[in-house]
Amino acid sequence: MSQLGSSRKEAEVDGTAATASAAMGGGLVGLATASMAVTLAAREPPPGLDKTAYFLALAGAFYAGVAEVVTAVWVWNDPRGRRGAGRKMMYASAGPLAVAVGLSVASLLW
């Protein structure tokens, strides 16, 4: 009986560790997104792109990155209770990161 209880505790610990590592990964992706947006905001927009749209996209990417970091801290605080939010955060973080990478490539090419 104690063996069953210990395996259940190990499964809970493993689930908590997986969620915590997903939260940390999401926080790092958010930090990368926000810092890329700040770096790109210090440069001139590439020719051929509307300046207002460029800075609007950078502002959106920056705020999305900050929101990802805040969400990662929130999930990290209670990993077992917020397991689903951590997974959704990882899926949602791909869009703003793709915008920041795309604008970075565009500014490097022109």
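Structure shown above.
Reference entry: report on the structure contained in this document.

## Observations concerning the packing of aromatic side chains
And step 1. For the coordinates displayed, the defined rule picks out 2 aromatic pairs.
And step 2. Ring plane angle 75° and centroid distance 5.3 Å describe the contact between Tyr54 and Phe55, whose orientation is recorded as edge-to-face.
And step 3. By relative accessible area, which is 3% here, Tyr54 ends up buried.
And step 4. A relative accessible area of 30% means that Phe55 is categorised as partly exposed.

## As for the packing of helix 3 (residues 83-92) against helix 4 (residues 94-109)
And step 1. Relative to each other, helix 3 and helix 4 sit at 25°, their axes nearing to 5 Å. Looking at the two axes, helix 3 sits roughly parallel to helix 4. Mapping the contact onto sequence places Met90, Tyr91 and Ala92 in helix 3 and Ala94, Gly95 and Pro96 in helix 4.
And step 2. By residue class, the composition of the contact of helix 3 with helix 4 is 5 nonpolar, 1 polar and no charged.

Reading the values: rules and limits
- Residues numbered from 1 in each chain as written.
- Predicted model: local features only at pLDDT ≥ 70, side-chain atom pairs only at ≥ 80, totals over all residues.
- Heavy atoms only, no water.
- Phe/Tyr/Trp six-rings, centres within 6.5 Å; stacked < 30°, edge-to-face > 60°.
- Buried < 20%, exposed > 50% of the residue type's maximum accessible area, 1.4 Å probe, protein only.
- Axes fitted to C-alpha atoms, helices over the stretch in contact; angles between N-to-C directions.
- Helix = DSSP H or I, 4+ residues; strand = E, 2+ residues; numbered from the N terminus.
- Parallel < 35°, antiparallel > 145°, perpendicular 65-115°, else oblique.
- Contact = heavy atoms within 4.5 Å.
- Nonpolar A, V, L, I, M, F, W, Y, C, P; charged D, E, K, R; others polar.

No statement about biological role is implied by the geometric values presented.
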